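Given next are the chains, with one letter for each unit.
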Amino acid sequence: MARDPDLAPDLEGLDGDPGPFAVPDHIGRLEPYQAGKPIEELERELGVTGVLKMASNESPLGPSSVALEAARRAMAEAHLYPDPSCFALRRGLAHRLGVDPAEIVIGGGSNELIHLLVRAFCLPGRDVVVTHRHAFISYVIAARTHGVEVIEAPVRADLRCDVDALCDAFGPRTRLVFVATPNNPTGAHLARGELEQILERAPARALVVVDEAYHEYAVALDADGARGFQSSQPYRSMRPALVTLRTFSKIYGLAGLRVGYAICDRRAANGLDRTRRPFNVNSVAQAAALAALEDEDHLARACEAARSGLAALASGFTALGLTVHPTLGNFLLVGLGRDASPIYQGLLRHGVITRPMGAWGLPQHLRVSLAAPPGLARAVEAMRAVLRG
Ligand SMILES: *Cc1c(COP(=O)(O)O)cnc(C)c1O
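Just so it is clear, the structure is predicted and the values come from calculations on it, not from any experiment.

Procedures and definitions
- Residues numbered from 1 in each chain as written.
- Predicted model: local features only at pLDDT ≥ 70, side-chain atom pairs only at ≥ 80, totals over all residues.
- Heavy atoms only, no water.
- Near = heavy atom within 4 Å.
- Polar contact = N/O pair within 3.5 Å; in protein donor to acceptor, adjacent residues only side chain to side chain.
- Areas by Shrake-Rupley, 256 points an atom, 1.4 Å probe, with all protein chains shown as cover.
- Helix = DSSP H or I, 4+ residues; strand = E, 2+ residues; numbered from the N terminus.
- Nonpolar A, V, L, I, M, F, W, Y, C, P; charged D, E, K, R; others polar.
- Disulfide = S-S within 2.5 Å.
- Domains from an automatic or database assignment.
- Contact = heavy atoms within 4.5 Å.
- Buried area = accessible area lost by both parts, 1.4 Å probe.
- Salt bridge = Lys/Arg side-chain N within 4 Å of Asp/Glu carboxyl O.
- Axes fitted to C-alpha atoms, helices over the stretch in contact; angles between N-to-C directions.
- Parallel < 35°, antiparallel > 145°, perpendicular 65-115°, else oblique.
- Left-handed = near helix turned anticlockwise from the far one by under 90°.
- Pairing = 2+ DSSP bridges.

### A short note on the site of the ligand
Then, in step 1: The immediate surroundings of the ligand are formed by G109, S110, N111, F136, N184, D211, A213, Y214, T247, S249, K250 and R258.
Then, in step 2: Within the contact set of the ligand, a nitrogen atom lies 2.6 Å away from a side-chain nitrogen or oxygen of D211.
Then, in step 3: Protein coverage of the free-state accessible area of the ligand, which is 380 Å², stands at 95%.
Then, in step 4: A total of 3 residues in the shell around the ligand trace back to one element, the largest contributor, which is helix α5 (residues 109-121).
Then, in step 5: In terms of residue class, the shell around the ligand is made up of 3 nonpolar, 6 polar and 3 charged.

Written out as structure tokens, the structure reads:
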């Protein structure tokens, strides 16, 4: 059949017709994100109940009752679209943080903001994203999803960020630098001098993104300052090209509602706002997050639970001969010294879900999140039984 070249471009000149289900090469190279195994899924598979999930750094305390009440109230208005500007939540956060509401952007979890940062600020083929090995996995996923080149600097033998190596990876094409403090999955934080070095050495055209998803835990776990934890916030005046990410998913116990936020210069906020979907944060999530800010007792309980829970978990695993990495988050990275898959599977058979770290380049490690005290003991016992074989 004759083809009108004006109506149908000549695909035969390309590498054959790609067909309706073909994706571009950079999408074809992606692996779908492997989330922690849901409780219901394992309960279905094992035919049991009472499965314990320590896989996704969720809060064992659950949401604050104040947040729950606000969420219930917001549900009654579910027929209305949410406030697209998240005005009340931004105002509440701005008040607490001592910044202008225009310097806050709310996302559907900070994961959305990580993707928006790449989408808004990086041009594929021109710009480069720099992070380090075993950093939070979303940075690499976001860059690759957008076809943007990413450099992962090597880390130190103890898996901590090697700040010299990271800074050596900076170049004229560096557009975004991603670091997390404390980092997930290692639990390692950047000490003050390390953070300062990154902020000083990052090229002028780069936005430095400091992911502080565990900020509240880190402040509490390093209350005496012995570990030198330092938030990026005081450096905003020194380096306006700085984006701090925080979330309601961790200590606030609202992971299921998907709310995170960026604190940044209003010019950066403007770039994010242009690329944000309309209504990206639902009304129940906005209301619950705002109310959660008020419940300081809940936060204090969560910090105390983390302090005692991590200590119990770490001593239990250490006594079993495992390597426990120091953490300022609500989870532990546990080195097994052998392939982690059989141990992960064994723990599943005991009804304990942990997180295998193969996708993060750590095939001999499991990440184990905090649980309520009975769960902590159960996890250590399950590990003991699995290791015994
Ligand atoms: C959990 C986590 C996030 C937060 O994800 P949300 O999308 O806000 O649920 C961001 N960064 C790090 C390092 C995390 O561990």
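### Some thoughts on the state of the cysteines
Then, in step 1: Summed over the entire model, instances satisfying the criterion amount to 0 disulfides.
Then, in step 2: Cysteine C86 is unpaired, with the sulfur of C264 as its nearest cysteine sulfur at 14 Å.
Then, in step 3: Of the cysteine sulfurs around C122, a residue in no disulfide, the closest is that of C264, at 15 Å.

### Some points on the domain arrangement of the chain
One frequently used descriptor of interface size is the decrease in accessible area upon assembly of the parts.
Then, in step 1: Each assigned domain of the chain is listed with its residue range as follows: domain 1 (35-62 + 297-388) and domain 2 (65-292).
Then, in step 2: Placing the centre of domain 1 and that of domain 2 at their C-alpha centroids yields a distance of 25 Å.
Then, in step 3: Counting residues at the interface gives 26 residues for domain 1, matched by 29 residues for domain 2.
Then, in step 4: Across the interface of domain 1 and domain 2, roughly 2300 Å² is buried in total on both sides, 68% from carbon and sulfur atoms.
Then, in step 5: Summed over the shared surface of domain 1 and domain 2, the result is 0 salt bridges.

### As for the packing of helix α4 (residues 87-97) against helix α11 (residues 283-294)
Then, in step 1: Contact geometry of α4 with α11 gives a least axis separation of 9 Å together with a crossing angle of 25°. Between α4 and α11, the angle is such that the two are roughly parallel. Remark: the crossing between α4 and α11 carries left-handed chirality. Residues A88, L89, G92, L93 and R96 of α4 touch α11, and the partners they reach there are Q286, A289, L290, L293 and E294.
Then, in step 2: Residues of the contact of α4 with α11, tallied by class, amount to 6 nonpolar, 2 polar and 2 charged.

### Considerations on the sheet that holds strand β6 (residues 207-211)
Then, in step 1: In space, the 7 strands of this open sheet follow the order β2-β8-β7-β6-β5-β3-β4, with mixed pairing throughout. Of all the strands in the sheet, just β2 (104-107) and β4 (149-153) have a single pairing partner and so form its edges. This sheet shows a mean twist of 20° between the axes of neighbouring strands, independent of strand direction.
Then, in step 2: One ladder, built from 4 bridges, connects β2 with strand β8 (residues 260-264); its direction is antiparallel. Bridge pairing in β8 places I106 opposite Y261.

### Quick notes on the packing of helix α12 (residues 296-319) against helix α14 (residues 373-388)
Helix-helix packing is described using two parameters, namely the angle between the two axes and the distance between the axes.
Then, in step 1: Taken N-terminus to C-terminus, the directions of α12 and α14 make an angle of 15°; their axes are 10 Å apart at the nearest point. Here α12 is positioned roughly parallel relative to α14, judged by the angle of their axes. Remark: the crossing between α12 and α14 carries right-handed chirality. Facing G309, A312, L313, G316 and F317 of α12, the residues of α14 in contact are L376, A379, V380 and M383.
Then, in step 2: Of the residues contributing to the contact of α12 with α14, the split by class is 7 nonpolar, 2 polar and no charged.

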